[in-house]
Amino acid sequence: MFYPGEDETSARHRLSQLMYRMKKQPYWQGLESNTHNVRFTGQSDLAAYHDAFAQGDWAASCERYGGPLLADAPTSAWPQFEDWLEQERNELTRSFVDAAMLYSTRL
């Protein structure tokens, strides 16, 4: 995905080097990776939204909703990422609508 013009071995090596350098930066604390996955384990606005939703705190869910997930992310070069992101956006929007409706019934 990141190095489409290179063979898989070279692309994996370059990505591994990039991840190594990124992990040394203070703003990447909580970044975990292995040979197949990369994941951010730190706190994020999305994690705070999901926590509030899971606890049934509809007001906090509505306050934490920030609009479409990764709204400005360029995706056209990565069809698989674009498909995944669209599914995530749809799920987040559905849950926000549910939270907003539940919150409004309590007002």
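A brief structural summary. The structure presented is a predicted model; accordingly, all values stated were derived computationally and were not measured.

Reading guide: rules and limits
Residues numbered from 1 in each chain as written. Predicted model: local features only at pLDDT ≥ 70, side-chain atom pairs only at ≥ 80, totals over all residues. Heavy atoms only, no water. Core = buried A, V, L, I, M, F, W, Y, C linked by side-chain atoms within 4.5 Å. Buried < 20%, exposed > 50% of the residue type's maximum accessible area, 1.4 Å probe, protein only. Helix = DSSP H or I, 4+ residues; strand = E, 2+ residues; numbered from the N terminus. Contact = heavy atoms within 4.5 Å. Phe/Tyr/Trp six-rings, centres within 6.5 Å; stacked < 30°, edge-to-face > 60°.

1. Quick word on the nonpolar core
Counting six residues, the largest nonpolar core consists of Tyr49, Tyr65, Leu69, Phe81, Leu85 and Leu92. Ranked by the residues each element gives to this core, the list is headed by helix H4 (residues 79-105), at three residues. When near neighbours in sequence (up to four residues on either side) are disregarded, Leu69 contacts Leu46, Leu85, Glu88, Arg89 and Leu92.

2. Overview of the packing of aromatic side chains
By convention here, two paired aromatic rings are described through the distance between centres and the angle between planes. For the structure on display, the rule yields five aromatic pairs. Judged by centre distance (4.0 Å) and plane angle (10°), the ring pair of Tyr65 and Phe96 falls under stacked. Of this pair, Tyr65 sits in the loop between helix H3 (58-64) and H4 while Phe96 sits in helix H4, and the two are 31 residues apart along the sequence. Residue classification places Tyr65 among the buried residues on the basis of a relative accessible area of 19%. Using a relative accessible area of 22% as the deciding quantity, one classes Phe96 as partly exposed. Members of the aromatic cluster, joined through ring pairs, are Tyr49, Phe53, Trp58, Tyr65 and Phe96.

3. Here's the deal with unusual backbone geometry
One non-glycine residue, Leu70, lies in positive phi territory at about 50°. Judged by relative accessible area, Leu70 falls into the partly exposed class, the value being 44%.

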